[in-house]
Amino acid sequence: MTGKQPATCDLIVRNGHVLTMDAKRTVHLDGAIAIAGTRILAVGPTRDIEARYRAHRKIDAQGAPVHPGMIDGHYHAGLHLSRGSITDNPNPPTSEGGGGPGVFIRWINALTDEDEHASALMASVELVKNGFTGYVEAATAFSSDGVAEAAEAVGIRVSVSDCMLWDIVGGEPMAAEIPRAPCDAKRARDLLGAEVKKRGNGGDGLVRAHVGIYGLGSASIELTQEAKRIADKSGAVFHQHQNLMASDAAYDKGRFGKPALVQWAESGVLGPNVIFTHMNVLEDAEVEAIAQSGMGLVWHPGNFMYYGIAQQGRSRFPALHRRGTPIAFGTDVAKVWAFGELGFIAYLVSREWNDFVSSDALLEMFTLGGAHAMGASAELGSLEAGKRADIVIRTNDLPDAQPNVDVVRQLMLVSRTKSVDTVICNGEIVVRKGHLTRLDEAAVYAQAQASARRMAERAGIRLAPARSS
């Protein structure tokens, strides 16, 4: 024998500019990743990996960036197909079906399980084709099984939760207007944590669960404390909406006699396994409570601009990131943006106030931050031996990827999602050369279009007339 024979693996991704996102932020300029089953065996220079492993299949990244799969930290999958039906006019005429939260309530109440599945399926397709290997459903799925099945059909991850749990109408009037999710303390307590008990952390599969209540002034202190207790006991993360608008922050401050995050800190609700979404309006004392607690946040800078919140004060997210707060991006509802565009918007939101979020920080939020929001930091978010094989391979074969002298800046601020070529999730290639490997895209699109029209009719929304050529 002249030396140790190479071990066998299923797949090697070679010749990539590998952005590992490990603790040292290691970059391999000519790097490779060896994969066996659902996990990464090794990451390193291509020469070293190919000397150690013999693969059944190889993918040549041709020098393009390779990075961990991105994870969206907060998405209402059942609202995905409302894009285009619900107007983007902030002051719409009656002929457009009205605006404000009422139109979203009508859409939610019109949902059937069939249409929710179609919406989640289309969302999953858009996510994966834009370089996302998973998302956190925002605790509003009537049929968690349907949402889970949609993600599994595409081949990506999802974390689901119990649907719209609330025990106070209070600051969220919608809590009184959803017949399938009545505002009832007994219902909320009976269902709280049911998905976590059913699914846990998902094991080797794609579907996992988290503890979720709706938030935004719709939960008592007692219900919120119980959600945190269940999350602690089960080893899950706890999500809720918080401080979306100035009115939300004012409602909570009025009922507590102090800012909401101060109350939650004093009530024992905050901690490293807690993730709050939106957090657009924060007082200094709340910023301090967040930073001290170790909790995570989900940032939607698009909503911050869309709803005019940016006119009321600066975003606290850049400062919180500098203090070490884990931050993910959450697309919420894809109204006038696609998955992957929030990093660019966050950069501009920060610059508006003469602040700065680096491209490296944006990539961290999409990957490590997303993994934290899913409660899966030990498994996802970076390319390291032992972690799940969730990998995105880009292409440099487009003008938006040039001149590529600063690879991360080019990815985050210029080419963004346009350069996604191949996506691997849980060791399986689910997008190759920009196309799904599991599903007929045209069939998914046709199903989505038919569902959107059915939904608009049931919700009483008049669609814009087709434009003739």
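Predicted model only: the values in this text are computed from it and were never measured. (Residues numbered from 1 in each chain as written. Predicted model: local features only at pLDDT ≥ 70, side-chain atom pairs only at ≥ 80, totals over all residues. Heavy atoms only, no water.)

Draft legend 1. Molecular detail of the sheet that holds strand S6 (residues 70–75). Taken in spatial order, the four strands line up as S6-S7-S8-S9 in an open sheet, and their pairing is parallel. The sheet is open, and its two edges are formed by S6 and strand S9 (207–209), each paired on a single side. For this sheet the average axis-to-axis angle between neighbouring strands, irrespective of direction, equals 20°. Of the strands in this sheet, S6 and strand S7 (132–137) are in contact with helix H3 (residues 113–129), which crosses S7 at around 140°. Packed on one face of the sheet, helix H4 (residues 144–154) meets S7, strand S8 (157–160) and S9 and runs near 170° to S8. (Pairing = 2+ DSSP bridges. Helix = DSSP H or I, 4+ residues; strand = E, 2+ residues; numbered from the N terminus. Axes fitted to C-alpha atoms, helices over the stretch in contact; angles between N-to-C directions. Contact = heavy atoms within 4.5 Å.)

Draft legend 2. Looking closely at the sheet that holds strand S11 (residues 238–242). Strand order in the open sheet formed by five strands is S10-S11-S12-S13-S14, and the pairing between neighbours is parallel. Unpaired on one side and paired on the other, strand S10 (211–215) and strand S14 (327–329) mark the two borders of the sheet. Shown here is a sheet whose adjacent strand axes are inclined to one another by a mean of 20°, direction ignored. The pairing of strand S13 (residues 296–299) with S14 spans three bridges and is parallel. Residue pairing across strands places Leu-297 opposite Ile-327, the latter belonging to S14. This element, helix H14 (residues 359–373), spans S11, strand S12 (274–278), S13 and S14 of the sheet and lies at about 100° to S14.

Draft legend 3. H14, seen in detail. Taking 1.5 Å of rise per residue, the 15 residues of H14 would be expected to cover 21 Å, and the 20 Å separating its terminal C-alpha atoms lies within 8% of that figure. For H14, the principal kink sits at Met-365 and spans about 40°. Of all the 15 residues making up H14, 12 are buried; the element is thus mostly covered by neighbouring parts of the structure. Buried within H14 are the following residues: Ser-359, Ala-361, Leu-362, Leu-363, Met-365, Phe-366, Thr-367, Gly-369, Gly-370, Ala-371, His-372 and Ala-373. Of the residues flanking the end of H14, it is Gly-375, one or two places downstream, whose phi is positive at about 75°. (Expected span 1.5 Å × (residues − 1). Bend = angle between axes of the 7 residues up to and from the residue. Buried < 20%, exposed > 50% of the residue type's maximum accessible area, 1.4 Å probe, protein only.)

Draft legend 4. Focus on the side chain of Ser-218. Among the secondary structure elements, Ser-218 is positioned in the loop between S10 and helix H7 (221–234). The buried category is assigned to Ser-218, whose relative accessible area is 0%. Here the side chain of Ser-218 touches Gly-215 through a polar contact of 2.6 Å, landing on its backbone oxygen. Leave out the neighbours within four places in its chain, and Ser-218 touches Trp-166, Asp-167, Ile-168, Glu-172 and Ala-175. (Polar contact = N/O pair within 3.5 Å; in protein donor to acceptor, adjacent residues only side chain to side chain.)

Draft legend 5. Focus on unusual backbone geometry. Residue Gln-402 is joined to Pro-403 through a cis peptide bond whose omega torsion reads 5°. When you line up the elements, Pro-403 lands in the loop between strand S15 (391–394) and helix H15 (407–415). In this model, Met-279 sits at a positive phi of 50°, which is unusual for a non-glycine residue. In this fold, Met-279 is placed in the loop between S12 and helix H10 (284–293). Even without a glycine there, the phi angle at Asn-354 is positive, about 60°. Within the secondary structure, Asn-354 is located in the loop between helix H13 (342–352) and H14.

Draft legend 6. Structural view of helix H16 (residues 441–459). Look at H16: 27 Å from first C-alpha to last across 19 residues, which is about the 27 Å you get at 1.5 Å a residue. Among the residues of H16, Glu-441, Val-444, Ala-448, Ser-451, Ala-452, Met-455, Ala-456 and Ala-459 are the ones counted as buried. The buried residues of H16 occupy an angular sector of 135° when projected down its axis, which confines them to one face. With respect to the buried face of H16, the exposed residues turned more than 90 degrees away are Ala-442, Gln-449, Arg-453 and Glu-457. With a side-chain oxygen lying 3.0 Å from the backbone nitrogen of Ala-442, the N-terminal cap of H16 falls on Asp-440. Of the residues one or two after H16, Gly-460 is the one with positive phi, at around 75°. (Arc of directions from axis to C-beta.)

Draft legend 7. Inspection of the environment of Trp-353 at higher detail. Tracing the backbone through its elements, the reader meets Trp-353 in the loop between H13 and H14. Owing to a relative accessible area of 34%, Trp-353 belongs among the partly exposed residues under this scheme. Trp-353 sits 37 residues away from Arg-316 along the chain, and the two C-alpha atoms are 11 Å apart. Ignoring sequence-local partners within four residues, the contact set of Trp-353 consists of Ala-310, Gly-313 and Arg-314.

Draft legend 8. Fine view of the pattern of salt bridges. For the coordinates displayed, the defined rule picks out 34 salt bridges. Across the pair Asp-48 and Arg-47 runs a salt bridge whose closest N-O atoms are separated by 3.8 Å. Given the relative accessible area of 36%, Asp-48 is considered partly exposed. What makes Arg-47 exposed here is its relative accessible area of 67%. We note a salt bridge from Arg-454 to Asp-115, for which the minimum N-O separation is 2.6 Å. Of this pair, Arg-454 sits in helix H16 while Asp-115 is found in helix H3, placing the two residues 339 residues apart along the sequence. By relative accessible area, which is 30% here, Arg-454 ends up partly exposed. (Salt bridge = Lys/Arg side-chain N within 4 Å of Asp/Glu carboxyl O.)

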